[in-house]
Amino acid sequence: MSEKNTATIEDLCKKVKRGASSFYLKEGTSALKVIRHANITETGAIDFASIEPVLARESERTRDNLLKEGDIVISLRGPAKVAVVPKEGEGFAFSAEFAALEIDSGRIRPELIAGYLRLPQIRAYLEEKGQGRTLRSINIGDILDLTVTIPDNDAQNRLAELLETAAEERAVVLREQKRLDDLEAAALTNHLGGF
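Residues numbered from 1 in each chain as written. Predicted model: local features only at pLDDT ≥ 70, side-chain atom pairs only at ≥ 80, totals over all residues. Heavy atoms only, no water.

## Quick word on the overall build of the protein chain
Here's step 1: From N to C terminus, the protein chain includes six helices and nine strands.
Here's step 2: Expressed as lengths along the three principal axes of its C-alpha atoms, the size of the protein chain is roughly 65 × 50 × 35 Å.
Here's step 3: Across the 195 residues of the protein chain, 36% fall into the buried class.
Here's step 4: Residue pairs at least 24 apart in sequence account for 75% of intrachain contacts in the protein chain once pairs closer than 6 positions are excluded.
Here's step 5: Just so you have it, the protein chain exposes about 12,000 Å², and 51% of that area is on carbon and sulfur atoms.
Here's step 6: In the protein chain, which carries 27 positive and 32 negative side-chain charges, the distance between the mean positions of the two groups comes to 5 Å. (Helix = DSSP H or I, 4+ residues; strand = E, 2+ residues; numbered from the N terminus. Buried < 20%, exposed > 50% of the residue type's maximum accessible area, 1.4 Å probe, protein only. Contact = heavy atoms within 4.5 Å. Areas by Shrake-Rupley, 256 points an atom, 1.4 Å probe, with all protein chains shown as cover. Lys, Arg positive; Asp, Glu negative; His and termini not counted. Charge placed at Lys NZ, Arg CZ, Asp CG, Glu CD.)

## A word on the nonpolar core
Here's step 1: Counting 26 residues, the largest nonpolar core has Ile-9, Leu-101, Ile-113, Leu-117 and Ile-143 as its most contacted members.
Here's step 2: Within the residue set of this core, elements represented by two or more residues are helix 1 (9-12), strand 5 (72-75), strand 8 (98-103), helix 3 (110-118), helix 4 (120-129) and helix 5 (140-144).
Here's step 3: A total of four residues in this core trace back to one element, the largest contributor, which is helix 3.
Here's step 4: Those residues in contact with Leu-117, other than ones at most four positions away along the chain, are Ile-9, Ile-74, Val-82, Leu-101, Ile-122, Ile-143 and Leu-146.
Here's step 5: Counting residues in hydrophobic clusters, the runner-up holds 13 residues, among them Ile-40, Ile-46, Ile-51 and Phe-94. (Core = buried A, V, L, I, M, F, W, Y, C linked by side-chain atoms within 4.5 Å.)

## Comments concerning the pattern of salt bridges
Here's step 1: In the structure shown here, the tally under the stated rule is seven salt bridges.
Here's step 2: Across the salt bridge formed by Lys-17 and Asp-71, the nearest N and O atoms sit 2.6 Å from each other. Here Asp-71 lies in the loop between helix 2 (60-64) and strand 5 and Lys-17 lies in strand 2 (residues 13-18), a separation of 54 residues in the sequence.
Here's step 3: Accessibility expressed as a relative area gives 1% for Asp-71, which makes it buried.
Here's step 4: When the shortest N-O distance is used, the salt bridge between Glu-102 and Lys-68 registers 3.5 Å. (Salt bridge = Lys/Arg side-chain N within 4 Å of Asp/Glu carboxyl O.)

## Quick word on the side chain of Asp-142
Here's step 1: Looking at the secondary structure, you find Asp-142 in helix 5.
Here's step 2: Here Asp-142 is buried and forms no salt bridge, its nearest opposite-charge partner Lys-129 lying at an N-O distance of 4.1 Å.
Here's step 3: Asp-142 has contacts with Leu-126 and Lys-129, leaving out every residue within four places of it along the chain.

## Section: the packing of aromatic side chains
Here's step 1: Counted by the stated rule, this structure contains one aromatic pair.
Here's step 2: A centroid spacing of 5.3 Å and a plane angle of 75° characterise the contact between Phe-48 and Phe-92, whose relative ring orientation is edge-to-face. Remark: Phe-92 occurs in the loop between strand 6 (82-84) and strand 7 (93-94) and Phe-48 occurs in the loop between strand 3 (30-35) and strand 4 (53-56); sequence separation between them is 44 residues. When sorted by exposure, Phe-48 lands in the same class as Phe-92, which is buried. (Phe/Tyr/Trp six-rings, centres within 6.5 Å; stacked < 30°, edge-to-face > 60°.)

## Describing the pairing of strand 3
Here's step 1: Where strand 3 and strand 4 come together, four bridges link them in antiparallel fashion. Within the sheet, the bridge partner assigned to Lys-33 lies in strand 4 and is Pro-53.
Here's step 2: With two bridges joining them, strand 3 and strand 7 adopt parallel strand pairing. Paired with Val-34 across the bridge in strand 7 is Ala-93. (Pairing = 2+ DSSP bridges.)

## Things to note about the side chain of Gln-156
Here's step 1: Mapped onto the elements of the fold, Gln-156 is located in helix 6 (residues 153-192).
Here's step 2: A polar contact is formed between the side chain of Gln-156 and the backbone nitrogen of Arg-109, at a distance of 2.9 Å.
Here's step 3: With residues near it in sequence (within four places) discarded, Gln-156 still touches Arg-107, Ile-108, Arg-109, Leu-112, Ile-150 and Pro-151. (Polar contact = N/O pair within 3.5 Å; in protein donor to acceptor, adjacent residues only side chain to side chain.)

## Describing the sheet that holds strand 4
Here's step 1: Spatially, the three strands line up as an open sheet ordered 4-3-7, and their pairing is mixed. The open sheet has two edge strands, strand 4 and strand 7, and neither has a second partner.

## Overview of the packing of helix 3 against helix 6
Here's step 1: Taken N-terminus to C-terminus, the directions of helix 3 and helix 6 make an angle of 55°; their axes are 9 Å apart at the nearest point. As the angle between them shows, helix 3 and helix 6 are arranged oblique. Here helix 3 and helix 6 pass one another in a crossing that is left-handed. Side by side, helix 3 and helix 6 meet where Glu-111, Leu-112 and Gly-115 of the first sit next to Gln-156, Leu-159, Ala-160 and Leu-163 of the second.
Here's step 2: Residues that form the contact of helix 3 with helix 6 fall into these classes: four nonpolar, two polar and one charged. (Axes fitted to C-alpha atoms, helices over the stretch in contact; angles between N-to-C directions. Parallel < 35°, antiparallel > 145°, perpendicular 65-115°, else oblique. Left-handed = near helix turned anticlockwise from the far one by under 90°. Nonpolar A, V, L, I, M, F, W, Y, C, P; charged D, E, K, R; others polar.)

Function cannot be read off these values alone, since they describe shape.
Quick look at the structure:
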């Protein structure tokens, strides 16, 4: 039996990037587009149309942590949000509620790591290890310590196709859920009254 090719997420990272705190994102002179919690959809897509530039302070920390295509943005606080940055997001900053992982795409496709980090059981594990009573904070070290098996290239391609299909199906389900919610709300408020 052959030995499995495994690595920690830290071993698969070229760089771990830190989000910019509110101190850097106000009263500055440099226009910067900043990804925040509200800009990432339930399906893990970044809603670029909702991102407004802010006047940020010039700093080495902000410049060093600008996003590149393929980076994974993951929330460390609040609702679980994980997104892979498309080409359109290159050069954007992100708020301190996130960390970003620059994955070595020569070893593993970033979208596979993002999909893995979106799994409810992985998020629950990370939140269990996290700190805080009501709103748990996830420690970036706990994410980096996770060990994953690295599939061969063919398996990675098949998994990426599966994730893409699942994301498309999930978007359809969410649209249908919203449509049903709207129909229900319209019927009830029409007959019972509303605010």
